[in-house]
Amino acid sequence: ITPRDYPFPFHNRPAPEHHFAMVGMASVAAGVPLYAEAMNEKGLYLAGLNFPGNAVYFPDGGTPGCVAPYELIPLVLGTCATLDEARALLKELRIIGTPFAPQLPPAPLHWHIADATGSITAEPMEDGLRLWENPAGVLTNNPPFPFHMMHLNAFQSLSPRQPENTFAPSLPLASYGQGMGALGLPGDASPASRFVRAAFCKWNSELPIGEEASVTQFFHILDNVAMVAGSVRTPENKLDRTTYSCCINATRGIYYYKTYN
């Protein structure tokens, strides 16, 4: 939890005299919260997701106003109250590959920004920071966001309802179990498949009434795209896993989270 006006150091721009309070998940280095994701007191949310091989950061030429990846969340959430304000600020930003410290190199990221009005995706590419409207309201990792939205077209026939026999109506074909309307929904842990699965679960989710029921349903959606230790191994033969999951009530400023254990 970062209170209002807690000093954030910026590499190429002066720290704002005043900034909004924010809450999220971060590691702390030298007294500075390095946020993975957070929400400010106005209900604006921003998350950084892994984008290796695609994220392009410019060299640090000392240009005033440039920001390093670790500075993006405190800058946007500290100074913007709405998605529209964040969109306007991001259009002017140039992301540089300056590390926070020699032992903490910049992570290759793209970002999901949202408030109650909608969401956008920001991706640092060779020609600068690209902004995409995000009508799906979800984001995973690689590939770039336009691929994810195009990929959804391949699954538009899926449904949470039982399927109708359009294969050959004259054949006596029938469902032999529940959930067959979504046959073909990818179940692997790749970012592209998790994007499809998250979008499917989100857009077909029931809308429960009440805080506890809503938060519970939100975590069930996240569980459906979580990585189980042992199901994914990295090139270094390490077990990839969903270290934590979180849910935020943006109206009341409540942060819920659970760790893998």
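Quick note: structure is the one above.
These remarks concern the structure in this document. Keep in mind that what you see is a predicted model, and the values were worked out from it rather than measured. (Residues numbered from 1 in each chain as written. Predicted model: local features only at pLDDT ≥ 70, side-chain atom pairs only at ≥ 80, totals over all residues. Heavy atoms only, no water.)

**Observations regarding the overall build of the protein chain**
So, step 1. Looking only at helices and strands, the protein chain has 5 helices and 8 strands in total.
So, step 2. For the protein chain, the N- to C-terminal ordering of α and β elements is β-β-β-α-α-β-β-β-α-α-α-β-β.
So, step 3. Computed over C-alpha atoms, the radius of gyration of the protein chain comes to 20 Å, within 12% of the 18 Å expected from 2.2 N^0.38 for 261 residues, which places it in the range of a compact globule.
So, step 4. Across the 261 residues of the protein chain, 41% fall into the buried class.
So, step 5. Put simply, the protein chain shows about 14500 Å² of open surface, and 57% of that area lies on carbon and sulfur atoms.
So, step 6. For the protein chain, the distance from the average position of its 16 positive side-chain charges to the average position of its 22 negative side-chain charges is 4 Å. (Helix = DSSP H or I, 4+ residues; strand = E, 2+ residues; numbered from the N terminus. Rg over C-alpha atoms; globule rule 2.2 N^0.38 Å. Buried < 20%, exposed > 50% of the residue type's maximum accessible area, 1.4 Å probe, protein only. Areas by Shrake-Rupley, 256 points an atom, 1.4 Å probe, with all protein chains shown as cover. Lys, Arg positive; Asp, Glu negative; His and termini not counted. Charge placed at Lys NZ, Arg CZ, Asp CG, Glu CD.)

**Observations regarding the side chain of threonine 121**
So, step 1. Inspection of the secondary structure assignment puts threonine 121 in strand E5 (residues 118-125).
So, step 2. The exposure class of threonine 121 is buried, given its relative accessible area of 0%.
So, step 3. Looking at threonine 121, its side chain comes within polar contact range of the side chain of asparagine 134, at 3.1 Å. (Polar contact = N/O pair within 3.5 Å; in protein donor to acceptor, adjacent residues only side chain to side chain.)

**Notes on unusual backbone geometry**
So, step 1. Each neighbour pair has its own omega, and for asparagine 142 with proline 143 the value is -5 degrees, a cis peptide bond.
So, step 2. Its location among the elements puts proline 143 in the loop between strand E6 (128-133) and helix H3 (145-151).
So, step 3. The phi dihedral of aspartate 5 is positive, around 65 degrees, even though this residue is not glycine.
So, step 4. On the secondary structure map, aspartate 5 appears in the segment before strand E1 (22-29).
So, step 5. Among the residues examined, aspartate 5 registers a relative accessible area of 37% and is labelled partly exposed.
So, step 6. Although it is not a glycine, asparagine 237 sits at a positive phi angle of roughly 65 degrees.
So, step 7. Looking at the secondary structure, you find asparagine 237 in the loop between helix H5 (211-223) and strand E7 (244-249).
So, step 8. Classification of asparagine 237 as exposed rests on a relative accessible area of 51%.

This is a description of form; function is not addressed.
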